[in-house]
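Take a look at the letters that make up each chain.
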Amino acid sequence: MTAQDGAAAHPLIGGWRLRTWVSIADDGSETRPMGDAPDGLLTYAAGGTMIGIMGSGDRPRFATDDVTGGSRDEQAQAFATFIAYGGRYEVDGDTVTHHVETSLFPNWIGTQQRRRFVFSDDGQMLTLTSPPLVLGGATRIQRLTWERVDAGG
């Protein structure tokens, strides 16, 4: 089902701000790959398009204001602490599938990224959980919690 298939707006639709990002190992241990205060926005449009941008909340500024500038070290650090992608999405039960059409990480373009979702009782918090993904050289489950900032629709 896509968002436009149903008469009532799906609760995913709208804008969300990233509040926590936890990476979970097979042994249950947890790390926070983007620190204690990650930053990010996620939007699901009623027409079936999504955009997600997320990263570390304390990313250092470049020495230059040139958008395509920066030293190789600055560029590498910026890439390593930020994820951005977008495309179409579909909902099936408690799973949302992101059909990646554009991405900062080129290997994701043309892939499907599935996430299980759960809402808080009041619908103001959304938790997305990935299957195991390689992040920072380790394969782990990623659990991101988002707070609603816009009801959309």
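As the structure is a prediction and not an experimental result, all values here were calculated from the model. (Residues numbered from 1 in each chain as written. Predicted model: local features only at pLDDT ≥ 70, side-chain atom pairs only at ≥ 80, totals over all residues. Heavy atoms only, no water.)

## A word on the overall build of the protein chain
Right, so step 1: Broken down by element type, the protein chain carries 1 helix and 10 strands.
Right, so step 2: Each helix and strand of the protein chain, ordered N terminal to C terminal, gives the series β-β-β-β-α-β-β-β-β-β-β.
Right, so step 3: What you see for the protein chain is a C-alpha radius of gyration of 16 Å, in line with the 15 Å of a compact globule of 153 residues.
Right, so step 4: When the backbone C-alpha atoms are referred to their principal axes, the protein chain occupies close to 50 × 40 × 30 Å.
Right, so step 5: Counting only residues that meet the buried cut, the protein chain has 36% of its 153 residues in that class.
Right, so step 6: In the protein chain, once contacts between residues fewer than 6 apart in sequence are set aside, the share between residues at least 24 apart is 47%.
Right, so step 7: Total accessible area computed for the protein chain in this model is approximately 8,800 Å², and 52% of it derives from carbon and sulfur atoms.
Right, so step 8: Side chains of the protein chain carry 13 positive and 19 negative charges; the gap between the two charge centres is 1 Å. (Helix = DSSP H or I, 4+ residues; strand = E, 2+ residues; numbered from the N terminus. Rg over C-alpha atoms; globule rule 2.2 N^0.38 Å. Buried < 20%, exposed > 50% of the residue type's maximum accessible area, 1.4 Å probe, protein only. Contact = heavy atoms within 4.5 Å. Areas by Shrake-Rupley, 256 points an atom, 1.4 Å probe, with all protein chains shown as cover. Lys, Arg positive; Asp, Glu negative; His and termini not counted. Charge placed at Lys NZ, Arg CZ, Asp CG, Glu CD.)

## Digging into the layout of surface pockets
Right, so step 1: Each pocket or cavity is described by its volume, and for the largest pocket that value is around 540 Å³.
Right, so step 2: Trp-21, Ile-83, Trp-108, Val-134 and Leu-135 are, among the 29 residues lining the largest pocket, the residues nearest its centre.
Right, so step 3: Secondary structure elements with two or more residues in the lining of the largest pocket: strand 4 (49-55), helix 1 (72-80), strand 5 (82-92), strand 6 (95-103), strand 8 (125-129), strand 9 (133-135) and strand 10 (138-150).
Right, so step 4: Of the residues assigned to the lining of the largest pocket, the class counts are 21 nonpolar, 7 polar and 1 charged.
Right, so step 5: Approximately 200 Å³ is the volume attributed to the second largest pocket.
Right, so step 6: Lining the second largest pocket we find Ser-56, Gly-57, Asp-58, Arg-59, Pro-60, Arg-61, Phe-62, Glu-74, Gln-77 and Ala-78. (1 Å grid on protein atoms, 1.4 Å probe; cavity = no way out; pocket = protein on both sides within 12 Å on 5 of 7 lines; lining within 4 Å. Points joined across faces, edges and corners; volume = space filled by probe spheres on them. Nonpolar A, V, L, I, M, F, W, Y, C, P; charged D, E, K, R; others polar.)

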